[in-house]
Amino acid sequence: MARIAVGGFHHETNTFVTPPTDYAYFCSHRDRPPLVRRGDVLKWLSGISFALSGFLEVMDKEHEIVPLLWTSGGAGGMVTRDAYERIAAEFVAELSQQMPVDAIYLDLHGAMVSEDFEDGEGELLRRIRACVGPDMPIAISLDYHANVTHEITDYTDAVSAYLTYPHVDRPETGVRAARTMQHVLKHGRTPGRALRKMPFLIPLHSQCTMVEPSSGIIEMTQRLEKQDGVISVAYLAGFPPSDLYQCGPCIVVHATTQEIADRVADEAARHIALKEPEFAVPVLSPAEAVARAKQIAANASRPVLIADTQDNPGAGGSADTTGLLFALVEGKAEGAVLGYLCDAEAAKAAHAAGKGAQITLKLGGRSGPEGVVPFEGTFRVEALGNGKFRTSGPVSGNRDIDLGPMALLAIGGVKVAVTTKRMQALDQAPFRHLGIEPKDQKILGLKSTVHFRGDFQPIAEDVLVCIAPGGHLADSAKYPYQRLRSGVRLMPLGPDSRGPRGR
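Rules of the game
Residues numbered from 1 in each chain as written. Predicted model: local features only at pLDDT ≥ 70, side-chain atom pairs only at ≥ 80, totals over all residues. Heavy atoms only, no water. Pairing = 2+ DSSP bridges. Helix = DSSP H or I, 4+ residues; strand = E, 2+ residues; numbered from the N terminus. Axes fitted to C-alpha atoms, helices over the stretch in contact; angles between N-to-C directions. Contact = heavy atoms within 4.5 Å. Parallel < 35°, antiparallel > 145°, perpendicular 65-115°, else oblique. Left-handed = near helix turned anticlockwise from the far one by under 90°. Buried < 20%, exposed > 50% of the residue type's maximum accessible area, 1.4 Å probe, protein only. Arc of directions from axis to C-beta. Polar contact = N/O pair within 3.5 Å; in protein donor to acceptor, adjacent residues only side chain to side chain.

Focus: the sheet that holds strand 19 (residues 462–466)
If you walk across this open sheet you meet the eight strands as 12-13-16-17-11-18-10-19, and the pairing is mixed. Among the strands making up the open sheet, the edge pair consists of strand 12 (358–363) and strand 19. Averaged over all pairs of adjacent strands, the angle between strand axes in this sheet comes to 30°, irrespective of strand direction. Looking at chain direction, strand 11 (residues 336–342) and strand 18 (residues 443–446) are connected through four bridges and run parallel.

Given below as structure tokens:
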């Protein structure tokens, strides 16, 4: 029986949005657990939908688990210096107090940027490695959108990444990480490791693993991982709104020899490079999407989905932009519901007015970007909720959620599900909390990029992607990168990065 330290520190950083993500946000209970320590890590993370949950399911039966700390700031602006240093320092301090341990497993994201460190996970791993020495086995799991660096690769002995986007396999990723941990416990640190970065960025709406080319890439990596001498093969599609030198998709291989690691990494990289032209998904303006959705819905028995991709809070969006709302109302869409729009002031006003009341509001549009304005109108308060419920879908199922006071507001033929705290529209439960059955609607406008497909696509007649102003730009060529390495194509087959500036 081994003594295994476990913990997690998540953030998916969009360096081009504000506000920054502070310590209080990491501590808050939203659509995920708050910051938890020691025994509370096991209480909060066991049996739910995170990688650590799956790891515990396997390893808790065979080994002594030493929980350290787990927290997730979701996606948003840059992590403040205060937040990063307080959490990282507590992480390492707790680990040092729990020594000796035989191995470490970390549930990480892979796209964290703080005010001081463009590679937040690499810096955390550097500190942990300094604490435990060069011989301690460390296995990690990463989000599919990780921007992996050489530091992350070199400090670890196995990387298990989500195989799905929408992320419906987080616990299964933890199970695969447990298998790699069993190997390194038996054989020690991994001798061979390789990282191959792709020469182009992939927009998030083109990364879905339910369709080609991503589905084929995942199948290829799984075949390679079964070869003799290979411990882990991870394909990470990258998170484009992160301004760092090594932003972008990659392959990471850990193997029993350097020769095997290099051979497998090169084969995988060649395969992905040939797929570059296939990473293209057509997008529509909000007005075009609404017109098309109305046309399809007229002869459909299931809802048409419109993804409001640039206001996806899972990519750092504010979840309060109004471009799609304006298009739905001005386009006279009937039987349409938009969610989830985050506006604490509107939710508070609706609760004060009460169900059935007519209230005049300036809804949303409080957080930018430039050109986004509130939607002013008179709404009927259709339903109210306290925002506390349990999710049920494959991406975030079985989590106890607290979105704060919620309201369903109606104007014309359009209804808006309003929350106090941000949540990506990746689960149907918030709609049902307000009395809306998603499958019975004509049109569903969803503030999400791809995760909505996990729970909503099975009930959908069709899926449309619209580009309304928001904090997550679907076209990476529009981001003002300062740190990205030169020669990287900012979109598949697109213009090249000019390289780091100001260094």
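And the narrative resumes.
Here we look at the sheet that holds strand 2 (residues 36–37)
What the six strands build is an open sheet, ordered 2-3-1-4-5-6; its pairing is mixed. Bordering the open sheet on either side are strand 2 and strand 6 (158–161), each of which pairs with just one other strand. Where strand 1 (residues 3–13) and strand 3 (residues 64–76) come together, nine bridges link them in parallel fashion. Note that in strand 3 the partner of E12 across the bridge is A75. Most of the contacts of helix 3 (residues 51–59) go to strand 4 (residues 103–108), to which it runs at about 150°, and overall it touches strand 1, strand 3, strand 4 and strand 5 (138–142). Across the sheet, helix 7 (residues 170–187) touches strand 1, strand 4, strand 5 and strand 6, and the angle it forms with strand 6 is around 170°.

Re the packing of helix 8 (residues 214–225) against helix 9 (residues 258–273)
In contact at an axis separation of 11 Å, helix 8 and helix 9 are set at 165° when each is read in the N-to-C sense. Judged on the interaxial angle alone, helix 9 and helix 8 are roughly antiparallel. For helix 8 against helix 9, the interelement crossing comes out right-handed. For the pair helix 8 and helix 9, the contacting residues are G216, I217, M220 and L224 in the first and V264, E267, A268, H271 and I272 in the second.

Describing helix 12 (residues 344–353)
Among the residues making up helix 12, those that are buried are A346, A347 and A350. Viewed along the axis of helix 12, the buried residues span an arc of 100°, placing them on a single side of the element. The exposed residues of helix 12 that point more than 90 degrees off its buried face are E345, K348 and A352. Of the residues that open helix 12, the one with a side-chain oxygen 3.2 Å from the backbone nitrogen of E345 is D343. Following helix 12 by one or two positions, G354 adopts a phi angle in the positive range, close to 95°.

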